Amino acid sequence: MNVRVLRLGLGMIAPFLALLISFGIISLILIAAGDPVGAVWDQILQWPERRNLSNIIDKTTIFYLSGIAVAIGFRMNLFNIGVEGQFLVAALVAAVVGGEAWVSGYLNTALAIIAGMVAGALYAGIAGVLRAYRGVSEVISTIMLNSVAVGLTAFLLRQFKGPQPEGSFIVTTKQLPESSWIPNISIGEGAATEIYGFIYIAVFVGLAYWFLINKTRFGFDLRATGQSMTAAVASGINTKRMIVTAMLLSGGFAGLVGLPYIFGEYHSYGSTFPAGLGFTGIAVALIGRNHPIGVALGAFLFAFLDEQTNALQIVAGVSPEIVKIMQGVILLTVVIAYEVVRRFGVRIEQQMVSRELERARAESTPPPADEKEAAR
Amino acid sequence: MSVPDTGIAPIAAPPPVRRRIPVWWWAVALVAVLALLSLLEVLTDANDLTSSGTIRATLIATTPILLAALGGLWSERAGVVNIGLEGMMILGTFGAAWWAYEYGAWVGVVGAIIFGCLGGLLHAIATVIFGVDHIVSGVAINIIALGATQYLAAITFTGLKGGGPTQSPPLPDLPALTIEPLADALGDVEDNDIFLVSEIAALLRALVNDLSVMVVIALLLVFVTWFLLWRTAFGLRLRSCGESPVAAETLGVNVLRYKFVAVLISGGLAGLGGCFLAMVASSSYRDGQTGNRGYIGLAAMIFGNWRPGGALAGSGLFGYTETLGLRQGGSSVHALLLAIAAIALAFAMWQLRKANRVALIVGGAVIVVGLPLTYVLGDALKEGFDGEGWVLLGLLVVATVVLVLLRRHEYFAAVLLVLVGLAFALLYFSIDEVPGDFTRMTPYLVTLLVLAFAAQRLRMPAADGQIYRKGTAG
């Protein structure tokens, strides 16, 4: 059998096998904790209702954007753990710019989105510059910048506070004018079954990512630098500039993560803005192997689990926190499975090559004994 | 993990032999820091920089970071990057709370270590046996540990008196040490407010008054770590796995086993750090208690150049800045701005010292002229005058132009330091107090600043973060 086909097949099967294994591990955990295993899986694996489906699609959109932002860094061996902080800063900036409404209609939408992306890019750029020119690991610096972002956004939110409704404890920025909202798309009856119109932008981001990485010179440089820094240097790539550019790009995409909420739901940035989306993006990118379609599948899986476990407390009396264990276990088993499959594939390939060589040698050279005989 | 420069280095000349820093140097450095801080108290209106309360709180804040840093040290010395420290700490907080509530305080300590080790076990299986990328595995462990802890806490603590899904009931106390007569006497000296003497008294007083036994254990662990890793055959082998696993295996060291053990110990230490947070720094487990201390511990260890003493110094720095932010943060962190400005300017002069005399004089002149200017400008900004935005923008543009023009110049670093120093001085003079949102960021910003200036002088274990497969030697 063709080795490449075999390896491709194994690579496709690996995540599903890992998923099955992690389901087994979760079941064991549930049994050990004395929770009803059957009821939990019944709830999780049932077909979602329309209302839940729209939530799942919305979350998939957001996780996907986050995953793509992380994936850009991963393609260059940069661990942008800071998507969390970048998207918070970017969402705040986009909400402020959009709320000010210097221009009207969709021009304002575009301006706000660009402002958010620029803010996210610059915030990630700090880590990029520190890594490229001061040798500070981007893992540490982005984590520190995440914590800084929490305080920074809280401070900025108070500076750009909009008019608040009476008796509300939630501080928000100025509301976006209605002409700048991105309309939701209906997939069923009623307001609860609408999905964010931002999904089109997410799809476009996926395409742009695929094109940028696979079809441009920049993408080639990026992948080359990621696979071998020394080879990249030898072929004339300015790796320092690549590091900064990759971080800027990653931060720019991270800037989009919170925007579906801004343009589709809350229409402002508030003190209760959702957090933790950046960390999910890391997991999603890893499960999807940084491939635009793989990341989409990973995002869907995580969104599905998130939504389906919401009702666990009511239905089965199980703490919905089990979903985080589930996601973590899935992540770990999937990355282990990828590694095992990779090693297996390498070994098969080595065996094939050595067998081929053996055969080629046997065919081309006459038995050495005769040769020696003849020489005498 | 500091990142090695990727430029292909020419074959370097043998590095100059560095004399080892003698032990007494640490004591001198500590006294010097205290002297600087008390000088700062005289110069600014901050008065909480060196009180025994601050030092006590610093010890409390430092210990969990220190334990995490030691955990990171064990693992990275064996060549495994452990970003999962945070998750192992979280597991430790739960383990401590659960077992301490059920079986008593000291069993809680054991529980924290065991739970931390479980996290370490997971990391070891993934990275050492299956060869998964260390950071990927660490990130996964952080996600699992957070979820597992929240899930287990909801099962364990819901319905208990004073407990709930995100909080444990009050936990039994661990013993604390007090030497009363000494503490009283030192308290008198501290209250007398003599320059430097009362600061040293405050430090000593914090060490003899209500000192948690866990702080002592953590400080002992610094010594134990140093002894085991640098003075025993076991330590030599373990470190060799982090420097050159191929060479180690050639010499008969079971590399995978050493790495495995190191990661387990690392998890145990992080778990102990979690125990400290749950049982000493507060008196119950709470959700989100670790607050990124695992990561800060890792940064402290890097700042400490992958050495136990350095890790102690790094943790102390972060613990101290965290404490300042939480106590009278507004004035203390404000004073710290002046200190940062002074340090940056001093470093700039130190760098110019190697250059020719003209550069040194020019640099000195810029500082001497610049500082009063920042004072005048800062005062004007404080009063509030029109067009302040334009002045600041103008200064920013000038600074950027200067930096861009000089970006290839040999004194670039010194120029940058002078500008940074003047910027901090301007910031100091233009505000009276640092807003609360920013004082809480202090440890994170200090981490960034310190790493930005120190990272290139550090040397990590040569094979740190690399995946090793058995049998790849020869």
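Here the structure is a predicted model, which is why all the values come from computation and not from measurement.

Q: It is not clear to me how the overall build of chain A should be interpreted in this structure. Could you clarify?
A: Broken down by element type, chain A carries 16 helices and 2 strands. The principal-axis extent of the C-alpha atoms belonging to chain A is close to 110 × 55 × 35 Å. Buried positions account for 48% of the 376 residues belonging to chain A. A fraction of 75% describes how many contacts in chain A between residues 6 or more apart in sequence connect residues 24 or more apart.

Q: Got a minute to help me understand the overall build of chain B in this structure?
A: A tally of helices and strands in chain B yields 19 helices and 2 strands. Overall size of chain B, expressed as C-alpha extent along the three principal axes, is 65 × 60 × 45 Å. Out of the 474 residues belonging to chain B, those deemed buried represent 47%. Restricting the contact set of chain B to residue pairs at least 6 apart, pairs at least 24 apart contribute 77%.

Q: I would appreciate a short explanation of the interface of chain B and chain A in the present structure.
A: Accessible area lost upon the coming together of the parts is a frequently used measure of interface size. Opposite the 44 residues of chain B that make contact, chain A presents 40 residues. Among the elements of the structure, helix 5 (134-157), helix 12 (293-303), helix 18 (436-439) and helix 19 (442-454) of chain B are those that each provide at least two residues to the side of chain B that touches chain A. When grouped by side-chain class, the residues that make up the side of chain B that touches chain A number 31 nonpolar, 10 polar and 3 charged.

Q: Honestly, the packing of helix 12 of chain B against helix 13 (residues 308-326) of chain B in this entry has me stumped. Any pointers?
A: Between two packed helices, what matters for the description is the angle formed by their axes and the separation of those axes. Residue and element names in this part refer to chain B. Look at helix 12 against helix 13: their axes get within 7 Å of each other, and the N-to-C directions meet at 130°. Judged by the inter-axis angle, helix 12 sits oblique to helix 13. Crossing geometry of helix 12 relative to helix 13 is assigned as right-handed. Mapping the contact onto sequence places Ile-296, Gly-297, Ala-300, Met-301 and Phe-303 in helix 12 and Gly-310, Ala-311, Gly-314, Ser-315 and Phe-318 in helix 13. In terms of residue class, the contact of helix 12 with helix 13 is made up of 6 nonpolar, 4 polar and no charged.

Q: It is not clear to me how unusual backbone geometry should be interpreted in this structure. Could you clarify?
A: A negative phi angle characterises most non-glycine residues, just as the trans form characterises most peptide bonds. In the Ramachandran plot, Ala101(A) falls in the positive-phi region, its phi being about 50° despite a non-glycine side chain. Relative to the assigned elements, Ala101(A) resides in the loop between helix 4 (83-100) and helix 5 (105-134). With a phi angle near 55°, Trp306(B) is a residue other than glycine that sits in the positive phi range. If you trace the backbone, Trp306(B) turns up in the loop between helix 12 and helix 13. Since 22 C-beta atoms lie within 10 Å of it, Trp306(B) is described here as buried.

Q: It is not clear to me how the confidence of the model for chain A should be interpreted in this structure. Could you clarify?
A: Close inspection of predicted coordinates is inappropriate in any region flagged by low pLDDT. Here chain A averages 87 in pLDDT, and 95% of its residues register 70 or above. No element of chain A has a lower mean pLDDT than helix 16 (residues 368-375) of chain A, at 53, and none a higher one than helix 10 (residues 239-254) of chain A, at 94.

Q: Would you mind going over the nonpolar core with me for this structure?
A: General note: in soluble globular proteins, nonpolar side chains tend to be found buried as a group. Counting 227 residues, the largest nonpolar core has Ala91(A), Ala94(A), Ile140(A), Leu331(A) and Val335(A) as the members making the most contacts within it. With 16 residues, helix 11 (residues 255-281) of chain B is the single largest residue contributor to this core. Every residue in contact with Val335(A), bar those within four places of it in the chain, is listed here: Leu286(A), Val132(B), Val136(B) and Ala140(B). Core analysis: the second largest hydrophobic core is formed by 17 residues, Ala414(B), Leu417(B), Val420(B) and Leu426(B) among them.

Q: Is there a simple way to explain helix 1 (residues 3-33) of chain A in this structure?
A: For the α-helix, the turn length of 3.6 residues means that residues three or four positions removed from each other point alike. All names here are of chain A. Across its 31 residues, helix 1 extends 44 Å between first and last C-alpha, which sits within 8% of the 45 Å expected from 1.5 Å per residue. Taking the largest bend as the criterion, helix 1 deviates by roughly 30°, centred on Ile-13, and proline Pro-15 comes between one and four positions later. Tucked inside the fold, the buried residues of helix 1 contact helix 2 (37-45), helix 12 (277-287) and helix 15 (322-364). Once helix 1 finishes, Gly-34 follows within two positions and takes phi at roughly 80°, a positive value.

Q: Is there a simple way to explain helix 1 (residues 24-43) of chain B in this structure?
A: Residue and element names in this part refer to chain B. Its 20 residues give helix 1 an end-to-end C-alpha distance of 29 Å, which sits within 8% of 28 Å, the value for a rise of 1.5 Å per residue. All of the buried residues in helix 1 are Leu-37, Ser-38 and Glu-41. Seen along its axis, helix 1 keeps its buried residues to an arc of 95°; they face one direction. Residues of helix 1 that are exposed and point over 90 degrees away from its buried face: Trp-24, Trp-25, Val-28, Ala-29, Ala-32, Val-42 and Leu-43. Tucked inside the fold, the buried residues of helix 1 contact helix 7 (197-208).

Q: Looking at this model, I keep getting lost on the environment of Ile179(B). Mind explaining?
A: All names here are of chain B. Within the secondary structure, Ile-179 sits in the loop between strand 1 (176-177) and helix 6 (180-191). The exposure class of Ile-179 is partly exposed, given the 14 C-beta atoms found within 10 Å. With 26 residues separating them in the primary sequence, Ile-179 and Arg-205 have C-alpha atoms 9.3 Å apart.

Q: In this structure, what is going on with the packing of helix 13 (residues 292-308) of chain A against helix 15 of chain A? I would like to understand it.
A: Residues and elements named next belong to chain A. Packing of helix 13 against helix 15 brings their axes to within 9 Å, and their N-to-C directions diverge by 160°. In terms of their interaxial angle, helix 13 and helix 15 are classed as roughly antiparallel. By crossing handedness, the relation of helix 13 to helix 15 is classed as right-handed. Between helix 13, through Phe-302, Leu-305 and Asp-306, and helix 15, the contact on the second element is made entirely by Val-323, Met-326 and Gln-327. Looking at the contact of helix 13 with helix 15 residue by residue, the class counts come to 4 nonpolar, 1 polar and 1 charged.

Q: What is the right way to look at the environment of Gly104(B) in this model?
A: Here Gly104(B) is to be found in the loop between helix 3 (85-103) and helix 4 (105-129). The spacing of Gly104(B) and Arg469(B) is 365 residues in sequence and 43 Å in space, taken between C-alpha atoms.

Q: Which parts of the structure should I look at to understand the environment of Ala316(A)?
A: Residue and element names in this part refer to chain A. The residue Ala-316 is located in helix 14 (residues 312-316) in this model. For Ala-316, a count of 22 C-beta atoms within 10 Å gives the class buried. In this view, Ala-316 contacts Pro-36, Ala-39, Val-40 and Gln-43; residues no more than four positions away in its chain are not counted.

Conventions we followed
Residues numbered from 1 in each chain as written. Chains lettered and ligands numbered in written order. Predicted model: local features only at pLDDT ≥ 70, side-chain atom pairs only at ≥ 80, totals over all residues. Helix = DSSP H or I, 4+ residues; strand = E, 2+ residues; numbered from the N terminus. Buried ≥ 20, exposed ≤ 12 C-beta atoms within 10 Å, placed from the backbone. Contact = placed C-beta atoms within 7 Å. Nonpolar A, V, L, I, M, F, W, Y, C, P; charged D, E, K, R; others polar. Axes fitted to C-alpha atoms, helices over the stretch in contact; angles between N-to-C directions. Parallel < 35°, antiparallel > 145°, perpendicular 65-115°, else oblique. Left-handed = near helix turned anticlockwise from the far one by under 90°. pLDDT = per-residue confidence, 0-100. Core = buried A, V, L, I, M, F, W, Y, C linked by C-beta atoms within 7 Å. Expected span 1.5 Å × (residues − 1). Bend = angle between axes of the 7 residues up to and from the residue. Arc of directions from axis to C-beta.

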